[in-house]
Number of protein chains: 2
Amino acid sequence: MPAKLIDGKAIAQQLRGELAARVATVRRKLGRPPGLAIVLVGDDPASQVYVRSKLKTAEESGLIVKFEPLPGGASLEAVLGLVQKLNASKEIDGILVQSPLPAALGSDAEQQVFDAIDPAKDVDGFSPISAGHLAQNRPGFAPCTPAGVIEMLDRSHIEIQGKRAVVLGRSDIVGKPMAMLLLHRNATVTICHSRTRDLAAVARGAEILVVAIGRAAMVTSDYVAPGAVVIDVGMNRITDASQAARIFANHPKRLAVFKKTGSILVGDVHPDVADVAGALTPVPGGVGPLTIAMLMANTVKAAEARVSV
Amino acid sequence: MPAKLIDGKAIAQQLRGELAARVATVRRKLGRPPGLAIVLVGDDPASQVYVRSKLKTAEESGLIVKFEPLPGGASLEAVLGLVQKLNASKEIDGILVQSPLPAALGSDAEQQVFDAIDPAKDVDGFSPISAGHLAQNRPGFAPCTPAGVIEMLDRSHIEIQGKRAVVLGRSDIVGKPMAMLLLHRNATVTICHSRTRDLAAVARGAEILVVAIGRAAMVTSDYVAPGAVVIDVGMNRITDASQAARIFANHPKRLAVFKKTGSILVGDVHPDVADVAGALTPVPGGVGPLTIAMLMANTVKAAEARVSV
């Protein structure tokens, strides 16, 4: 029996629907809707796609969005100055600086910029104080992707407590916060990475497997215990025909999409895992919509905190 | 063959010996040795023992120690005021507030006090910003006990990278930071706790097993793979004769100590684990001395950061 597909789009829509009443309350108490500022430096095409999608969802959710584009040649001082201005703004509850920043700004530019965001407005949850609050299980903003994974599990009635959860990947924005969130929900959590020995065997020990490694279709069926819940955070665009033919050999409809358009999105999890897993998130339409929905939820939460002050 | 005993006292002495040159450099550049303030609120007997031990070691290490006792009835405002004064002091590089604070101060008093410590002086590493820096693998102060465990492993030439490490316990001051430190050293890390199913089996999967659960001798031989490295963070005082007789049935010398004094210290790891493990930290004389040595190391590091400013 093929895996149950976890419909991220539907769950995200449900979540955004529930936000409407909270947005209305903020609007009544503050005299304006929750306000989200999105800073985009330069014109990276992938970043433009992400930002457009966030802008669209924010508007659909009834938020005020302030789009703050800066030219690719902007100095670090200019970016930091903009962040300070947004920190001080009474109209803005949440600040998102789209990653990655242009390489020319220097290797620690992102760190400096994320550090500069007021923790009360850090709706992306990337600042060290947000990471510390998460590690200590205190109120604060968790990064949107792992927070969205928890929402997906909860709203799919998948129990977390007592389960063996394995997280593949240890990034600051997905792997490590994911491990913390699962741990605080009483899972027994294992964190794996490129230096993990016998990765497939460790992954096969998981009842809940979260994959965030950024390698197309790397997690094949031998990584997955029969019946396991598999959450695929990966989002890789494939343009190589032979790679697409290999990955989608048993999925003629997907392959037809590739043949028509010349490219296709694939997760870190091989599509054939659907024959082994108990439940699986699709790519696209799985984790992605939840990430954006959680950004909205974090912004509404930030506005609510301001109301209660 | 019984486990190799990892001699924490000797390793701590070695580490403190290496600090001497750094202390001398600070003294030359700042005109004074590194300064550590220790705040003790009330007269909890165990806290007094710990504080005395820290004071003694700090003095032996050539640090200036400012002991700041407050009466048990001190208000939270008084404690916070003292912390602010120490934050501002140019003579003080590190601030330690002995935990636990009196219960009368309220359940979130420790959090408020730790939050108030200047991150540059947070040598205990308990503040959320320190926890965030640790989670993001950035420079900062890691809590002394897990940092001391890493020192013990390194100085015992036990490789961490690629190993399966299991941490029993998920406290903010030992379990979670321990997991982060092992992860950043490229171990594959599993975090277990009271809700973990089949704990013994999960623990048996460890090549490096760190136990910090606060239950005397709970980890018995069936939790340990033959040859595993076992780090015992527990420190439990036993005064019940039948419990002592049970735990130390195969250790007549330890039992004789109990019979003579009426009490004995035992870790979270059962002493019979020595017959299975490849290496084991004793209690006392294992992790404890390293915790205090790392407090000294963190204070020297804080002073060095001040010199370089």
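Residues numbered from 1 in each chain as written. Chains lettered and ligands numbered in written order. Predicted model: local features only at pLDDT ≥ 70, side-chain atom pairs only at ≥ 80, totals over all residues.

Looking at the relation of the copies chain A and chain B
- Taken as rigid bodies, chain A and chain B are interconverted by a rotation of 180° and an axial shift of 0.0 Å, the fit giving an RMSD of 0.0 Å. When the rotation and shift are considered jointly, the pair of chain copies conforms to a two-fold rotation axis.
- A share of 100% of the interface residues of chain A reappears at the interface of chain B, consistent with the copies meeting face to face through the same patch. (Least-squares fit on C-alpha atoms with pLDDT ≥ 70 in both. Contact = placed C-beta atoms within 7 Å.)

Some points on the interface of chain A and chain B
- Taken together, the contacts link 25 residues of chain A with 25 residues of chain B.
- Of all elements in the fold, only α5 (128–135), α7 (175–184) and β6 (188–192) of chain A reach the threshold of two or more residues within the side of chain A that touches chain B.
- With seven residues, the top contributor of residues to the side of chain A that touches chain B is α5(A).
- Broken down by class, the residue content of the side of chain A that touches chain B amounts to nine nonpolar, 10 polar and six charged.
- Bridge count between β6(A) and strand β6 (residues 188–192) of chain B: three bridges; the pairing is antiparallel. Residue pairing across strands places A:Ile191 opposite B:Val189, the latter belonging to β6(B). (Helix = DSSP H or I, 4+ residues; strand = E, 2+ residues; numbered from the N terminus. Nonpolar A, V, L, I, M, F, W, Y, C, P; charged D, E, K, R; others polar. Pairing = 2+ DSSP bridges.)

What about helix α2 (residues 45–60) of chain B?
- With 16 residues, α2(B) ought to run about 22 Å at 1.5 Å a step, and its terminal C-alpha atoms sit 23 Å apart, in line with that.
- B:Gly62, located one to two residues past α2(B), shows a positive phi value of around 85°. (Expected span 1.5 Å × (residues − 1).)

Examining the domain arrangement of chain A
- For chain A, the assigned domains read domain 1 (30–118) and domain 2 (144–289).
- Computed over C-alpha atoms, the centres of domain 1 of chain A and domain 2 of chain A are 28 Å apart. (Domains from an automatic or database assignment.)

A look at the confidence of the model for chain A
- For chain A, the average pLDDT comes to 96, and 100% of its residues sit at 70 or higher.
- Reported for the predicted complex are a pTM of 0.97 and an ipTM of 0.96. (pLDDT = per-residue confidence, 0-100.)

Comments concerning the pairing of strand β7 (residues 208–211) of chain A
All names here are of chain A.
- Residues Ile208 and Val210 line one face of β7 and the alternating positions Leu209 and Val211 line the opposite face, and both faces are buried.
- Across four bridges, strand β5 (residues 164–168) lies against β7 in parallel orientation. Residue pairing for β7: Leu168 is matched across the bridge by Val211.
- Alignment of β7 against strand β8 (residues 229–232), held across four bridges, turns out to be parallel. (Buried ≥ 20, exposed ≤ 12 C-beta atoms within 10 Å, placed from the backbone.)

Structural notes on the environment of B:Met296
All names here are of chain B.
- For Met296, the location among the structural elements is in helix α11 (residues 287–308).
- Judged by local crowding, Met296 falls into the buried class, with 26 C-beta atoms found within 10 Å.
- If near-sequence neighbours (up to four positions away) are discounted, Met296 is found in contact with Arg16, Leu19, Thr57, Ala58, Ser61 and Leu63.

Here's the deal with the packing of helix α1 (residues 8–30) of chain B against α11(B)
All names here are of chain B.
- Where α1 meets α11, the closest approach of the two axes is 9 Å, and the angle between their N-to-C directions is 15°. Classified by the angle their axes make, α1 and α11 are roughly parallel. In the crossing of α1 with α11, the sense of the turn from one axis to the other is left-handed.
- Of the residues that constitute the contact of α1 with α11, the class distribution is 17 nonpolar, two polar and six charged. (Axes fitted to C-alpha atoms, helices over the stretch in contact; angles between N-to-C directions. Parallel < 35°, antiparallel > 145°, perpendicular 65-115°, else oblique. Left-handed = near helix turned anticlockwise from the far one by under 90°.)

As for unusual backbone geometry
- Between B:Ser99 and the following residue, B:Pro100, the backbone shows a cis peptide bond with an omega angle of 0°.
- Looking at where B:Pro100 falls in the secondary structure, it is placed in the loop between β4 (94–97) and α4 (109–116).
- In the segment running from B:Val283 into B:Pro284, the intervening peptide bond is cis, with an omega of -5°.
- Within the secondary structure, B:Pro284 sits in the loop between β11 (279–280) and α11.
- If you check the backbone angles, A:Ala217 has positive phi at about 55° while not being a glycine.
- For A:Ala217, the location among the structural elements is in the loop between β7 and β8.
- The backbone of B:Asn186 sits at a positive phi, close to 70°, despite the residue not being glycine.
- Among the secondary structure elements, B:Asn186 is positioned in the loop between α7 (175–184) and β6.

A few points about α7(B)
Residues and elements named next belong to chain B.
- Summarising burial for α7: nine of the 10 residues are buried, a large majority.
- All buried positions along α7 are accounted for by Gly175, Lys176, Pro177, Met178, Ala179, Met180, Leu181, Leu182 and Leu183.
- Phi turns positive, to about 70°, at Asn186, one or two residues after α7.

Considering the nonpolar core
- Among the nonpolar cores identified, the biggest contains 206 residues, and A:Leu209, A:Val210 and B:Val210 are the most heavily contacted of them.
- Residues contacting A:Val210, with those up to four places away along its chain left out, are A:Val149, A:Ala165, A:Val167, A:Leu168, A:Met178, A:Ile231 and A:Val233. (Core = buried A, V, L, I, M, F, W, Y, C linked by C-beta atoms within 7 Å.)

Digging into the pairing of strand β4 (residues 94–97) of chain A
Residues and elements named next belong to chain A.
- Covered by surrounding structure in β4 are Gly94 and Leu96 together with Ile95 and Val97, the residues of both alternating faces.
- Bridge count for strand β2 (residues 35–41) against β4 is four bridges, and the pairing is parallel. Pairing of Leu36 across the sheet is with Gly94, part of β4.

Remarks on the sheet that holds β4(B)
Residue and element names in this part refer to chain B.
- Taken in spatial order, the three strands line up as β3-β2-β4 in an open sheet, and their pairing is parallel. At either margin of the open sheet sits one strand with a lone partner, and together these are β3 (64–70) and β4. Ignoring strand direction, the axes of neighbouring strands in this sheet form an average angle of 15°.
- As judged from the seven bridges shared by strand β2 (residues 35–41) and β3, these two strands associate in the parallel manner. Bridge pairing in β3 places Gly35 opposite Ile64.

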